[in-house]
Amino acid sequence: MLNSILTTPITFTGLFLTLSASLIMGILSSLIFSFRSPMSSSLSLTLVILPVAMSMVVMMVNGNLGIAVAVAGGFTLVRFRSIAGTGREISAVFSVMTLGVICGMGYMGIAFLFLLFVAAAVLLLTLLHFGENHDKLLKVTFPENYDYTGLLDDVFQKYQIRSSIDKVKTTNMGSLVDVTYRITLPGETLPKEALDEIRSRNANLGVQVASYESMRDSL
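We now turn to the structure provided with this report. (Residues numbered from 1 in each chain as written. Predicted model: local features only at pLDDT ≥ 70, side-chain atom pairs only at ≥ 80, totals over all residues. Heavy atoms only, no water.)

**Thoughts on unusual backbone geometry**
One non-glycine residue, Asn172, adopts positive backbone phi at about 55 degrees. Assignment of secondary structure puts Asn172 in the loop between strand E2 (162–171) and strand E3 (176–184). Judged by relative accessible area, which is 53%, Asn172 ranks as exposed. Residues other than glycine seldom take positive phi values, yet Asn204 does so here, at roughly 60 degrees. Topologically, Asn204 is positioned in the loop between helix H7 (192–201) and strand E4 (207–211). (Helix = DSSP H or I, 4+ residues; strand = E, 2+ residues; numbered from the N terminus. Buried < 20%, exposed > 50% of the residue type's maximum accessible area, 1.4 Å probe, protein only.)

**Notes on the environment of Gly206**
Within the secondary structure, Gly206 is located in the loop between H7 and E4. Sequence spacing of Gly206 and Val140 is 66 residues, and the spatial spacing of their C-alpha atoms is 6.1 Å. The contact partners of Gly206, leaving out residues within four places of it in the chain, are Lys139, Val140 and Thr141. (Contact = heavy atoms within 4.5 Å.)

**Considering the side chain of Thr18**
For Thr18, the location among the structural elements is in helix H1 (residues 12–33). The contact partners of Thr18, leaving out residues within four places of it in the chain, are Ile5, Leu6, Ser55, Met59, Cys103, Gly104 and Met108.

**A short note on a nonpolar patch on the surface**
A surface patch of nonpolar side chains, about 620 Å² in accessible area, is lined by Leu23, Ile24, Ile27, Leu28, Leu31, Leu45 and Ile49. Of all the elements, H1 adds the most residues to the nonpolar patch, at five residues. Relative to the elements of secondary structure, Leu45 occurs in helix H2 (residues 41–60). (Patch = residues over 30% accessible without salt bridge, like charges linked within 9 Å, V, L, I, M, F, W, Y side chains within 5 Å. Areas by Shrake-Rupley, 256 points an atom, 1.4 Å probe, with all protein chains shown as cover. Salt bridge = Lys/Arg side-chain N within 4 Å of Asp/Glu carboxyl O.)

**Focus: the packing of H1 against helix H5 (residues 108–127)**
At a closest axis distance of 10 Å, the pairing of H1 and H5 adopts a crossing angle of 5 degrees. By the criterion of interaxial angle, the relationship of H1 to H5 is roughly parallel. For the pair H1 and H5, contact is made by Leu17, Thr18, Ala21, Met25, Leu28, Ser29, Ile32 and Phe33 and by Met108, Ala111, Phe112, Leu115, Val118, Ala119, Val122 and Leu123, respectively. (Axes fitted to C-alpha atoms, helices over the stretch in contact; angles between N-to-C directions. Parallel < 35°, antiparallel > 145°, perpendicular 65-115°, else oblique.)

**As for the packing of helix H4 (residues 87–104) against H5**
At a closest axis distance of 8 Å, the pairing of H4 and H5 adopts a crossing angle of 165 degrees. Relative to H5, H4 is oriented roughly antiparallel. H5 is crossed by H4, and the crossing has left-handed handedness. Contacts between H4 and H5 involve Arg88, Ser95, Thr98, Leu99, Ile102 and Cys103 on the former and, on the latter, Met108, Ile110, Ala111, Phe114, Leu115, Val118, Val122 and Thr126. In the contact of H4 with H5, the residues fall into ten nonpolar, three polar and one charged. (Left-handed = near helix turned anticlockwise from the far one by under 90°. Nonpolar A, V, L, I, M, F, W, Y, C, P; charged D, E, K, R; others polar.)

**Digging into the packing of aromatic side chains**
Counted by the stated rule, this structure contains three aromatic pairs. Judged by centre distance (6.5 Å) and plane angle (20 degrees), the ring pair of Phe12 and Phe16 falls under stacked. Highlighted residues: Phe12 and Phe16, both in helix H1, separated by four residues, approximately one helical turn. (Phe/Tyr/Trp six-rings, centres within 6.5 Å; stacked < 30°, edge-to-face > 60°.)

**Details of the nonpolar core**
With 21 residues, the main nonpolar core has Met25, Phe33, Leu47, Val93 and Ala111 as its most contacted residues. For this core, the secondary structure elements donating two or more residues are H1, H2, H4 and H5. At seven residues, H4 tops the list of elements feeding residues into this core. (Core = buried A, V, L, I, M, F, W, Y, C linked by side-chain atoms within 4.5 Å.)

On their own, these measurements won't tell you what the molecule is for.
Rendered as structure tokens:
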């Protein structure tokens, strides 16, 4: 079970079984990592195809892992050079790369055991809400001549919102200032009354509220 099914030279049967196993494990990996964490269709397709491509690379370089990993690393950078990936997405990509390497060397039993181990870990930690951050980010745009320091403190205190300034950035050639607060709300969402009071303090400019993870990636 833990031995390689591939022989030298590679036979058609060995090639077909390896690519089929890589495809099936890629599909399972995509389903596992999307559990309670929806991902884009492009990433889902990537997780399915990457182990197949990785397996083929390993077989074509005759098991030379140095070359295979270098090529696969280039594949991975194509996605993450321009698109900010979350930690979960990066973990998914590297997990399916590992599956591809193992399958490409013919160790299907080890690949299956690795998939089971990763699946159990991902599903259990997801169900336990491990590492979830319930904080939100509030981005408020002020005119450049406004002293934003402490300007919203009484609003936060009134609605029992814990806050701290996370980032300050000028925009629109310096005429506007984006202040990003890390906030903890007493409920699920920012009350409309609080939003209205914030808008009255920032000259009715932009106000944006999002989860910490989603907005942090775009800052």
